[in-house]
Amino acid sequence: MATVGGHLLLESWADLEEREQASRVDPGDPFLTDPDYRVDARLTRYFTRSSFAHLSSETKRNYTKDCCLFFNFLWARDKDWWQAESEDLLDFEDWRRWSPRNPRRIGGAKWNRELAALRHLYAWAVRQRYVAVSPVTEREVIGRHGEVIRVPAARAKDVRSSNVKWLTPRAYRLWRDVGLRGYDADGRRDQHWYGRNDDRNAAYSDLLFSSGVRRTEGGSLLTIEVPERAGENRRFYAGRLGREVTKSRRERTFYISAEALAAVESYCLTTRRAVIRRAQAKRRYEQLDGILVVTRQTGRQGSMLHWRDAAGRSVRRPLTSLDVSERALLFVEGPGGLEPLWLWLSESGMPFLPHSWEAVYRAASQRCQKVLAGKVASPPFFTPHMARHSFALHMLVALQHVHDRRFGLTPKERRDFRLLYGDVWRMVKDLLGHQSEETTRNIYLAPVADLQVRSLLLDESGPDTTDLLAAIARMSEQVMDTDDFAVTAAEEAP
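Cut-off values and rules
- Residues numbered from 1 in each chain as written.
- Predicted model: local features only at pLDDT ≥ 70, side-chain atom pairs only at ≥ 80, totals over all residues.
- Heavy atoms only, no water.
- Helix = DSSP H or I, 4+ residues; strand = E, 2+ residues; numbered from the N terminus.
- Buried < 20%, exposed > 50% of the residue type's maximum accessible area, 1.4 Å probe, protein only.
- Contact = heavy atoms within 4.5 Å.
- Pairing = 2+ DSSP bridges.
- Axes fitted to C-alpha atoms, helices over the stretch in contact; angles between N-to-C directions.
- Salt bridge = Lys/Arg side-chain N within 4 Å of Asp/Glu carboxyl O.
- Phe/Tyr/Trp six-rings, centres within 6.5 Å; stacked < 30°, edge-to-face > 60°.
- Polar contact = N/O pair within 3.5 Å; in protein donor to acceptor, adjacent residues only side chain to side chain.
- Parallel < 35°, antiparallel > 145°, perpendicular 65-115°, else oblique.
- Nonpolar A, V, L, I, M, F, W, Y, C, P; charged D, E, K, R; others polar.
- Core = buried A, V, L, I, M, F, W, Y, C linked by side-chain atoms within 4.5 Å.
- pLDDT = per-residue confidence, 0-100.

### Here we look at the overall build of the protein
Across its full length, the protein carries 19 helices and 13 strands. Considering the protein as a whole, with its 494 residues, one finds that 46% of them fall into the buried category. Across the protein, contacts joining residues at least 24 apart in sequence account for 62% of those joining residues at least 6 apart.

Below, the structure written as structure tokens:
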């Protein structure tokens, strides 16, 4: 089978670094080997010199795995990647989506992502004349603005958000306290809980839930990017996300609640400081190669970082231009020696990388299933991306409610001002960093669109945000509130 970064004996390659530089292969760049451990120079060129190299790190990781799966399928047919035909892709789709012999079939959304990865590769290969025709055939459709666009003919239409769930704030707090902080079903600290990173995990989760940032965006924050309260008394504080860590490759402002920010600050002063001291005592940071020791910050709000490279040359880079891998290399000289600028650290004191959070959330949901089994009807589960969906729903309802109170509108006036409420949807779109309001409406706020929540919100006579979210939860199977977890008397009876 093809492998990502095959294991080779490289001890004899003393000039490996020079070879990589000559080939423009940078640290972190993916490469594929075939089952005989041969590297195809054309694929290496695609991963390092095409538009693929400018995709987000998360997209590059996903696309690489998707291509690898298809190449494995082709290899079983005695074909290499450049020999693929449209019939191969059709058979691959059948295997991935419908074959009873495949125990891990996928849905339409996952298939569309794999198709996008292959389309991206083979379109490049056709332009480079490495293949004559792409196996990803296309058809013409009318776009949402009336224009004619080309899409993959095999693109799935059965893409639904039915598997997506939204948690209300109080339902989220139940999941967090039980899953991440070690509480029991009665709200007391579990005496058998031995979590060592509960404050870190809860602070990160609160950040995502209160701000709507993506897993990688929040997971690659630096300490110098955490907003400062400076004695101010606000409900939310503003921060900036760097261009290279966002999916859209655009800087944007995010807002974190005062409670979530306090949790982050507490983590920095306790658990984070402790793991740094342990790592310094073991001289762990001094043994690292390739780290970037920042000597000063200049520019507006310290947006320009200065350091010296391995050759002693002075380097100046805008903070927004640093990608995830570069951020993990940033260090400063602290009171006790070198320490990372990366906010979230592992127990070893090293950067806790964004993809590692998936395992934390999975373990927390599994703990909820175990601890709350028999205590609640349906123990909650949660994922980093569900935090983004839940934030969008919460912010829409909260902003609508603020508009009502600020302008003092009566129910009749609210109906007359429906056009005004369109601005609230645009606010949520901007907070999420979406380019299209349609994405915000149709995917992240599907329960709202399905239930025509505008009428619900405009006709209510003064309910607060919690009541509105509870009302939406009662009307949608996709929104989970604490009432959804309650056990009836009949269920409690032996």
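### Structural notes on the sheet that holds strand E10 (residues 314-318)
One open sheet accounts for five strands, arranged E10-E9-E8-E11-E12; its pairing is mixed. On the outer flanks of this sheet lie E10 and strand E12 (337-340), each paired with one strand and no other. With direction set aside, neighbouring strand axes in the sheet form an average angle of 45 degrees.

### Some remarks on unusual backbone geometry
Non-glycine residue Asp78 carries a positive phi angle of around 60 degrees. Tracing the backbone through its elements, the reader meets Asp78 in the loop between helix H3 (57-75) and helix H4 (86-97). The phi torsion at Arg283 lies on the positive side, around 55 degrees, for a residue other than glycine. Note on placement: Arg283 falls in the loop between helix H9 (258-281) and strand E8 (292-298).

### Some points on the pattern of salt bridges
Under the defined criterion, the tally for this structure stands at 32 salt bridges. The salt bridge involving Arg243 is made with Glu244; its shortest N-O contact spans 3.2 Å. Of the charged contacts in the structure, one is a salt bridge between Glu286 and Arg283, with a shortest N-O distance of 2.5 Å. A relative accessible area of 49% places Glu286 in the partly exposed class. Each of Asp66, Arg96, Lys110, Arg113 and Glu114 takes part in a single network of salt bridges with overlapping partners.

### Considering the packing of aromatic side chains
Using the criterion set out here, one finds 25 aromatic pairs in the structure. Taking the centre distance of 6.4 Å and the plane angle of 85 degrees together, the rings of Tyr204 and Tyr361 count as edge-to-face. Here Tyr361 lies in helix H11 (residues 357-372) and Tyr204 lies in helix H7 (residues 198-211), a separation of 157 residues in the sequence. One exposure class covers both Tyr204 and Tyr361, and it is buried.

### Quick look at the side chain of Ser134
Tracing the sequence through the fold places Ser134 in the loop between helix H5 (108-127) and strand E3 (138-142). A distance of 3.0 Å separates a polar side-chain atom of Ser134 from the backbone nitrogen of Val136. Beyond its immediate chain neighbours, meaning those up to four positions away, Ser134 contacts Tyr122 and Val126.

### Observations regarding the packing of helix H6 (residues 169-179) against H11
It is at 8 Å that the axes of H6 and H11 come closest, and there the two elements cross at 90 degrees. On the basis of their axis angle, the class for H6 and H11 is roughly perpendicular. Across the interface between the two elements, Leu174, Trp175, Val178 and Gly179 of H6 pack against Tyr361, Ala364, Ser365, Arg367, Cys368, Val371 and Leu372 of H11. Split by residue class, the contact of H6 with H11 holds eight nonpolar, two polar and one charged.

### Digging into the nonpolar core
Residues Trp175, Leu207, Ile256, Trp344 and Phe382 are the most contacted members of the largest nonpolar core, which totals 49 residues. Listing elements by their share of this core, those giving two or more residues are H6, H7, strand E6 (236-241), strand E7 (252-257), H9, H11 and helix H12 (384-407). By residue number, the principal contributor to this core is H9, which donates eight residues. Setting aside residues no more than four positions away along its own chain, Trp344 makes contact with Arg200, Ala203, Tyr204, Leu207, Gly218, Gly219, Val264, Tyr267, Met350, Pro351, Phe352 and Trp357. Counting residues in each nonpolar core, the second largest holds 28 residues, with Phe47, Tyr63, Phe70 and Phe92 among its members.

### Quick look at the confidence of the model for the protein
Model confidence for the protein is summarised by a mean pLDDT of 81, while 74% of its residues fall at 70 or above. In the model, residues 417-422 has pLDDT below 50 throughout and makes 15 contacts with residues more than four positions away in sequence or in other chains. Below pLDDT 50 for its whole length, residues 488-494 participates in three contacts with residues either more than four positions away or in separate chains.

### Focus on the pairing of E12
Note that strand E11 (residues 330-334) and E12 share four bridges and pair antiparallel. The residue bridging Phe331 from the neighbouring strand is Pro340, located in E12. Counting the residues that bridge the hairpin from E11 to E12 gives two residues.

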